[in-house]
Amino acid sequence: MKKTIGMVLASAVAAAPLFAEEASAKEQSGPQFSVAGEVEFEANTHFKQVDPRDEVANNGSDKKWLHDYSSTFNLVFSVKFNEKWSAEAGISADDANSAPSFAYDGAFIQYQMNDNIAIKAGDFTYSEGAFRYYDYDDPGDAAVGMTERNIRGIELNAYGLVLGAGWGTDDDDCIDVYSESGEELGCKSYDVHVAYELALGSHTIRPFVNYQSYQQESANRLRAGVTANLVFGEAVNVQVAYGLLSDIVKEDEPKMSHAFAIEPEFNLGKLNVKGTAFYAYKADEKDVPTEIEVPEYMFAYVEPSFAVNDQFTVGVQGEYHTMSTNKDDELAQVFVGPKAYFNPMENLSVEGYVRACIPVGDDYKKDSGSAYAGQDDVYFGAGATVGFTF
């Protein structure tokens with residue numbers, strides 16, 4: 001929900017009944033300012049835990065409780081100067097603790113040529129193939145096609161086409177190769193992003209291509225793919241995503257990788273069933289594959305839920321995770337447990353879960369010789385998330 005405030009400094013005139021109509025006209029013609037935001041905070045606890053995705057190996061400790069937090073607060077400030085010109089700026093606080101610090105999140109100006117064409121200049125964030133799956137639904141951390149890339153440049157929006165070009169602004173965006181002289185390559189990229197939103201009735205299909213050049217011949221990244229959202233009446237909808245990932249495009253290594261995901265949802269009155277199946281086709285580690293942008297090469301998730309009433313829903317989650325991007329690792333785990341959803345009003349939600357986590361991979365056995373040997377005990381987790389928007 002947005003609150004719009006007219007930025008007019010004619011309060012003295014507006015206070016006089018004689019000039020009320022004139023003040024009203026000025027207020028409508030002046031710049032309009034709005035603020036929108038979202039807040040989310042969560043806490044999780046585990047009795048023991050082994051999670052190779054985050055290099056956590058505490059399952060061998062007796063009676064050891066672990067907990068973690070995460071907090072997010074995003075604010076977007078919008079100004080509409082007139083029918084053609086507008087601008088946005090954002091700040092955000094997002095970190096794995098209970099008190100993240102705010103930082104500048106970018107800004108841009110926009111010129112709206114007509115209903116179908118707009119030109120922007122400033123800061124832009126691109127990501128493609130975002131998951132519906134709850135644990136990977138932040139495209140800053142995971143995505144089928146491409147996690148978030150930030151640039152400062154220009155963008156054209158025209159009839160569903162998005163064309164952006166500029167300089168990469170991510171401080172940690174470096175490519176892991178060396179130049180012919182043996183010097184490590186820099187971390188400054190030039191980026192181009194192209195996507196097209198094709199609407200076919202109630203379905204949407206979005207192909208994309210993203211290219212990053214790091215200013216040397218062998219230093220580049222290519223991401224391409226497509227995301228389709230298919231709607232079949234009110235009962236069934238499916239998201240299908242594909243991503244092609246290639247680093248150092250002209251060289252034999254790293255090898256190209258491919259990622260696939262299908263995420264169906266069935267709405268059958270009070271019963272809802274949703275799921276995700278993800279798989280990444282990668283070359284063997286000895287052949288040096290391009291790393292995917294998900295912390296494991298395969299996982300599956302299903303959750304049937306039942307709406308008790310308009311505000312309260314209960315479900316059961318079942319999940320299978322490989323817990324590694326390396327196909328040679330045997331680190332699979334199974335998660336299972338109940339989850340509850342409470343939505344007292346449209347912009348406020350509360351979620352809570354309890355689950356058992358069962359290591360089933362051979363690398364957890366005592367004699368496996370892996371870094372997680374002897375970590376095969378069942379462990380338990382619980383947590384809650386609160387979110388609201390305004």
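Residues numbered from 1 in each chain as written. Predicted model: local features only at pLDDT ≥ 70, side-chain atom pairs only at ≥ 80, totals over all residues. Heavy atoms only, no water.

## A closer look at the environment of tyrosine 341
- With respect to the element layout, tyrosine 341 can be found in strand β20 (residues 333–345).
- Ignoring any residue separated from it by four or fewer positions in sequence, one finds tyrosine 341 in contact with Lys274, Glu303, Gln311, Phe312, Thr313, Gln317, Val350 and Glu351. (Helix = DSSP H or I, 4+ residues; strand = E, 2+ residues; numbered from the N terminus. Contact = heavy atoms within 4.5 Å.)

## Examining the nonpolar core
- Grouped together as the largest cluster of nonpolar side chains are 16 residues, with contacts concentrated most on Phe131, Tyr133, Tyr136, Val144, Phe278, Val294 and Phe299.
- Looking at this core, the elements with two or more residues in it are β15 (236–247), β16 (257–268), β17 (271–281) and β18 (298–307).
- Dropping the residues within four chain positions of it, valine 144 is found in contact with Glu128, Gly129, Phe131, Ala241, Tyr242, Gly243, Leu245, Ala259, Phe260, Ala261 and Phe278. (Core = buried A, V, L, I, M, F, W, Y, C linked by side-chain atoms within 4.5 Å. Buried < 20%, exposed > 50% of the residue type's maximum accessible area, 1.4 Å probe, protein only.)

## Things to note about the pairing of strand β6 (residues 85–95)
- Where strand β5 (residues 65–80) meets β6, 10 bridges bridge the pair, whose relative direction is antiparallel. Bridge pairing in β6 links asparagine 74 to serine 92.
- Counting the residues in the hairpin turn of β5 and β6 gives 4 residues.
- The sheet contact formed by β6 and strand β7 (residues 103–112) spans 8 bridges and is antiparallel. Of the residues in β7, the one forming a bridge with serine 86 is glutamine 110. (Pairing = 2+ DSSP bridges.)

## Focus on the pattern of salt bridges
- Going through the model one piece at a time under the given rule, you end up with 17 salt bridges.
- Between glutamate 285 and lysine 282 there is a salt bridge whose closest N-O contact spans 3.4 Å.
- Classification of lysine 282 by relative accessible area gives buried; the value is 1%.
- Between lysine 282 and glutamate 291 there is a salt bridge, with the nearest N and O atoms lying 3.7 Å from each other.
- Relative accessible area serves as the criterion here: at 37%, glutamate 291 is assigned to the partly exposed category.
- Among the charged side chains, a network of salt bridges with common partners joins Arg149, Arg221, Arg223, Asp247 and Glu293. (Salt bridge = Lys/Arg side-chain N within 4 Å of Asp/Glu carboxyl O.)

## Some thoughts on the packing of aromatic side chains
- On inspection of all chains with the given rule, the structure shows 19 aromatic pairs.
- Summarising the aromatic geometry, the rings of phenylalanine 131 and phenylalanine 278 are spaced 5.6 Å apart at their centres and angled 75° between planes, so their arrangement reads as edge-to-face. With phenylalanine 131 in the loop between β8 (117–128) and β9 (146–158) and phenylalanine 278 in strand β17, the pair connects residues that are 147 residues apart, well separated along the chain. Here phenylalanine 131 matches phenylalanine 278 in class, with each residue buried. (Phe/Tyr/Trp six-rings, centres within 6.5 Å; stacked < 30°, edge-to-face > 60°.)

## Structural notes on a negative patch on the surface
- Taken together, Glu38, Glu40, Asp94, Asp95, Asp105, Asp135, Asp137, Asp141 and Glu148 make up a surface patch of like negative charges.
- Of all the secondary structure elements, the ones that give two or more residues to the negative patch are β2 (32–47) and β6.
- By secondary structure assignment, the location of aspartate 135 is in the loop between β8 and β9.
- Judged by relative accessible area, which is 40%, aspartate 135 ranks as partly exposed. (Patch = residues over 30% accessible without salt bridge, like charges linked within 9 Å, V, L, I, M, F, W, Y side chains within 5 Å. Areas by Shrake-Rupley, 256 points an atom, 1.4 Å probe, with all protein chains shown as cover. Lys, Arg positive; Asp, Glu negative; His and termini not counted. Charge placed at Lys NZ, Arg CZ, Asp CG, Glu CD.)

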